[in-house]
Amino acid sequence: MNDAQWRALQEFKTDFKSQVSAWQAQIEEAGLLDQLQSLQKRAADRDGVPLYSLDTPLVYNSALDDIQKTDDIRIILIGDNPGKDEQLARNRRYLVGQSGKIADGFFRKNPELNIDFRKNVLILNKTPLHTAKTKELALIIKEGNPLFAEIIEESQIRLARATVRLHRALYEADDTGNPCKLWLIGYAELRERGLFSVYRDALNAAYAECSARAAPAPISVSAPSERKSGCASQVFVYQHFSMNRFLIDLKERSDSSLSLAENIEHVGRAHRKDILGW
């Protein structure tokens, strides 16, 4: 990263860490931490999730602290929310469970993409509030104290806006001709009345502003016409890595006349049009 990109990342990380701590403090000061953990355990039990140690109700991705200025962030990848592996005290990192292993394996098996999943991909979520399975957030919202629903909604809005600011900064400061992309992974709950429709709307609003205020695009060796709308042109939407849905969808939609990288972008744009509307 160059100096401008590094400063943007440091600002994002500091704000994100501070905000997760603030949400945690809100819950603790309201005397609701036990209720939240009880709901998280109850939701997991209802879904038949094997018993696990509940260590971190709200999870900051500590992998962000390992990023060095010499690293090249090629993709910002947005998952749903921290699962049971991500919240363990020994981890507190996003996408370290089975889905993360599948994603890591995909990039390892396709070296032509020139992406190291653990070095070149910055992983974020739509909310830092943990549940063993994403759908269990609905139980937290329905049966928990209203503060939980407020935090789930507020975190989606703040993270969407902050993530777009970071993406825009990385994009506009790019001096390599290969600017950072944003991959939105998992889109079922982004649809109308979905758990993450709030995130979708905040993301759309932020990228609309990004496009309206777009700086001159960095020099690119391919598809310059796709770059005229600024960082928004580098947003792609995909199915989850879990249960190999990303790989299955990519295979089903691939065009044999295109390279792997071109097919990945083609699929991501098609889903972006369907889910985000542009």
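Residues numbered from 1 in each chain as written. Predicted model: local features only at pLDDT ≥ 70, side-chain atom pairs only at ≥ 80, totals over all residues. Heavy atoms only, no water.

(A) Expanded view of helix H7 (residues 245-253). Those residues of H7 not exposed but buried are Phe 246, Asp 249 and Leu 250. Summarising the axial view, the buried residues of H7 lie within an arc of 100°, below the 170-degree limit, and thus occupy one face. Every exposed residue of H7 that faces more than 90 degrees away from the buried side is listed here: Lys 251 and Glu 252. (Buried < 20%, exposed > 50% of the residue type's maximum accessible area, 1.4 Å probe, protein only. Helix = DSSP H or I, 4+ residues; strand = E, 2+ residues; numbered from the N terminus. Arc of directions from axis to C-beta.)

(B) Seen up close, the environment of Thr 163. Among the secondary structure elements, Thr 163 is positioned in helix H5 (residues 146-172). Thr 163 gets classed as buried once you look at its relative accessible area, which sits at 0%. Contact partners of Thr 163, with chain neighbours within four places excluded, come to Phe 12, Ile 76, Ile 78, Leu 124, Leu 182 and Tyr 199. A polar atom in the side chain of Thr 163 sits 2.7 Å from the backbone oxygen of Leu 159. (Contact = heavy atoms within 4.5 Å. Polar contact = N/O pair within 3.5 Å; in protein donor to acceptor, adjacent residues only side chain to side chain.)

(C) A look at the sheet that holds strand S1 (residues 75-78). One open sheet accounts for four strands, arranged S2-S1-S3-S4; its pairing is parallel. Strands with a single pairing partner mark the edges of an open sheet, and in this sheet they are strand S2 (121-124) and strand S4 (235-238). Taken over all neighbouring pairs, the strand axes of this sheet differ in orientation by 20° on average, direction set aside. Those strands touched by H5 are S1, S2, strand S3 (181-185) and S4, and its axis lies near 165° from that of S1. (Pairing = 2+ DSSP bridges. Axes fitted to C-alpha atoms, helices over the stretch in contact; angles between N-to-C directions.)

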